[in-house]
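Examining the three-dimensional arrangement
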Amino acid sequence: MLPGNPHGYPFVKGSMDNSIHLAERQERIRRGFPAFLILLILGILTATWVGLFSFMGTNKASNVFESFEERNVPAISPDDIGILPNLSELSTLYSADGERLAELSLRLSDPTPLEDFPDHVVQAVLSAEDGDFYEHRGVDTQAVVRAFLENLKNDSTQGASTITQQIVRAQGYVGREVTFQRKIAEIKYATEMEKIYTKDQLLEFYLNSQYFGWNSYGMAAAGREYFGKDVSDLTIEEAAAIAVALRNPTEFDMRRNPDLVKDRRDIVIRLMVSDGFITKEEADAAIAKPVAPIPHETLIEEAPQVRIEAIRQLLNNPEFNVLGLTPEDREVAIFGCPAESNECEEQPGLKGGLIITTTVDMGLQRAANSLLRTWLPVPADGAKAPTGAITTIDNNTGAIKVMASGLDFGTDFAAGERDYDLATEGLRQPGSSFKPFALMAYLENGGSINSYWSSESPLKLQCSVPCGPGGSFTWTVRGGGGGLTRLFEATYRSINTVYAQVALATGPENIADMANRLGINSELPLVYSLALGAGEVTPLDMAAAYSTLARYGDRLRPHLIERIETEEGEVLYEYEIVSEQVTDPALAATVVEAMRNVTRGTAPKANIGRPMAGKTGTTQSFRDAWFVGFVPQYTSSVWVGYADEQIAMRNVQINGRTYSRVFGGDVPAPMWKEFMTILLEGVPEENFAPLPDGTSKYKVVPSTTVPSVISLSQSEATSQIYLAHLNVAIVEVNSYEAQGIVVNQVPAAGAKMTQGNAVTIEVSTGLPPEIAMPNVVGLTLTQANQVLITTAETTGISVNLQPTFVETPDENAWNKIIQTQPGPGTKVATGDTITAIIGKPPPPPPEDDG
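Residues numbered from 1 in each chain as written. Predicted model: local features only at pLDDT ≥ 70, side-chain atom pairs only at ≥ 80, totals over all residues. Heavy atoms only, no water.

A few points about the environment of Val628
- Mapping Val628 onto the fold places it in strand E19 (residues 624-630).
- Linking Val628 and Gly664, residues 36 residues apart in sequence, is a C-alpha distance of 9.4 Å.
- Those residues within four positions of Val628 in sequence are excluded, and the remaining contacts are Ser433, Met542, Tyr546, Ala613, Gly614, Lys615, Ser636 and Ser637. (Helix = DSSP H or I, 4+ residues; strand = E, 2+ residues; numbered from the N terminus. Contact = heavy atoms within 4.5 Å.)

Next comes the structure, spelled out in structure tokens:
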């Protein structure tokens, strides 16, 4: 047994003569005859590198050769030579429930100790590449001479490099130019390398590092790629077929050129017989079998968007500096070294082979995907249709459990694929689902959830900066129930006109700041309409921000990467829960209290029969529809819309039904309910945490100042009073003012009132003022006139008395008013004539003449 040869292989001289190098047809390498001549002389006159220099030392030509070497071959020290057995391994991405999501590698490799390779696998490589490996000292001079003579004879480019020389070239020490200088340097490096490393070390590195095609590096990886087997299970014919690829993986691709590979494979098998590795019977049995690689297996990804987002975070987030300080370093740590990158392999650090566990629950991910495709199927004809996205965050940890898109990931747009993820990259307007952030900002800046606001629609508001069409200062807002509405109810009823006023009172800067603090990462426009959802957000950001609300303002950064470890089990990174209280807990709890009533407002279809809170969102022209909601344990967002364009969702088919217009409460809300029902199966019902101390300050009903509305029209006065946060009581009165004009108000302008109370306004009917006719019966005409004069002085209404006398035998009625027409209490107005019937004595009876 040779030293360093634990397998005890017998070796036969000259096995390289018949190796598959005879079949190599690479691009013609231009060689000058002088170089060939020198190599020939070297091959004939020397058997080792030492022999060469012995010869040179006794020959006058040695001075010339040594001068050439000094000028063109660098000096070598042991520190300059190294091999890197820790090659790139496959990094694998897993879900939280242990399912393999993706393989992350620029090269497929599976480094394997030499002792784990079966004898016949190693023997196949040795017979194919370097039968004298355990005998030479880095250079096989006899093979060099034979190759040179064969090249001259057949005008070919047969190689003669040993395994050690191939390692030298692969490591990039001498380059790849076919020159005399490079060949001399390669020989020198090879001989020095054999002094530093044992044969087994060199062979182990070679078996694990060589490229075999189809992104496979090393025999073990090639065995899995071509035959779906561990290297320990490869047969003789399989090992020989893989070894054929060493010289030219493209030409000898057993999938594309099986007949060519079989010819060369059979040569290798016969060489194994002549080298004494296998018997003729074993060879005949192996040769009789076809080259039968399995089809290339690509891992079918159910959640490619998870892989993409995980890679993005790993490369760009300094939190993962444990993998490297720069994105480039982290890329190598995850994917390993790029093919043919020797410089990369020489650098220290991780090079693939990582186990990366994400937070995604594939059971829930599948459920979300199924729900999206049931409600929003991709048309077979490629027609445009609404799609959607669902994201879910664990409120206790910030873990992203679901990030599902209604479209598959890919570049075939006609087939319903998209090269971006709707859940994490789909920026869409949130509509009214943004209102809770405006409410938070308003309350933080001194507002009250029990404030009252005008909910008239349309409502024209005056801004201090341009806020309307054409740069005008008038903002016309639509969407209100009319009258005066408490902010608490306006939240779950989603009244736009109320929230427009809230935006004016709060300012877009404060609203944007609050949204960002809660978890919205996108850049938001600083406009008043931001309160109504004018910005753009992703479904993931909406779920993250609502999760912060569910936690009463205690923000957890949503995370996708849970743990990173090596294959040996060393934990390199593990997420640690760190939260930040970004708002007053009492403030967030006050908002959540209002949001818990959403099923009484715009989203009765989201009712899941357990404590929940949420908000609908519908953008202008029904281009986007949302429902974002949470229970104490989880937050989920549902978005529905067109993937690439802002198209109005009118008269669209969704889940077997035609919708004339799509509102957040119509489609996303029941989708949310259906998904949350699946998510919460087996999850104990929980109530929201009790309201923390301090909520009362956000619930005080504010006071306000009564505006002046006299002389305004009834509608103008009503609007002004509503805008002053007060209700209106209307009393119609006759007045000389035009009909509909306010002639009086109670309380008077400037008075202080608690919001929500009513101001009484008297509105002219346009009719003359009237009073009840005073009762003047029993009075003399003079007395009656005096009464009417006094009444006119106090009421401004003057009437005329027209006396009419009638006879009456009643002496008490003489010269007194016994009746008026109209009678007492009847409405009379200025200028009316009142008939006063006054009694008078009857004429005396005639005298009796008798």
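Notes on the sheet that holds strand E27 (residues 758-764)
- Strand order in the open sheet formed by 3 strands is E24-E27-E25, with mixed pairing between adjacent strands. Lying at the two open borders of the sheet, with one neighbouring strand each, are strand E24 (727-733) and strand E25 (742-746). Here the average twist between neighbouring strands, direction ignored, is 25 degrees.
- Lying over the sheet, helix H25 (residues 714-723) contacts E24, E25 and E27, oriented at roughly 155 degrees with respect to E24. (Pairing = 2+ DSSP bridges. Axes fitted to C-alpha atoms, helices over the stretch in contact; angles between N-to-C directions.)

Re the environment of Ile355
- Position of Ile355 among the secondary structure elements: in strand E5 (residues 354-358).
- Residue Ile355 is classed as partly exposed on the basis of its relative accessible area of 25%.
- Each C-alpha atom, one on Ile355 and one on Glu570, is 9.9 Å from the other, the two residues being 215 residues apart in sequence.
- In contact with Ile355, not counting residues within four places along its chain, are Thr92, Tyr94, Arg563, Ile564, Glu565, Thr566 and Glu567. (Buried < 20%, exposed > 50% of the residue type's maximum accessible area, 1.4 Å probe, protein only.)

Overview of the packing of aromatic side chains
- The final tally for this structure, using the stated rule, is 12 aromatic pairs.
- Taking 5.1 Å as the distance between ring centres and 85 degrees as the angle between the ring planes, the aromatic pair formed by Phe133 and Tyr134 counts as edge-to-face. The same class applies to Phe133 and to Tyr134, which are both buried.
- Pairing Phe434 with Phe437 gives two aromatic rings, centres 4.8 Å apart and planes at 85 degrees, and the pair type is edge-to-face.
- On the accessibility criterion, Phe437 (0% relative accessible area) is buried.
- Each member of the aromatic cluster is reached from another via a ring pair, and the members are Phe434, Phe437, Tyr546, Phe630 and Phe688. (Phe/Tyr/Trp six-rings, centres within 6.5 Å; stacked < 30°, edge-to-face > 60°.)

Honestly, that's just the spatial picture; any functional story needs more than this.
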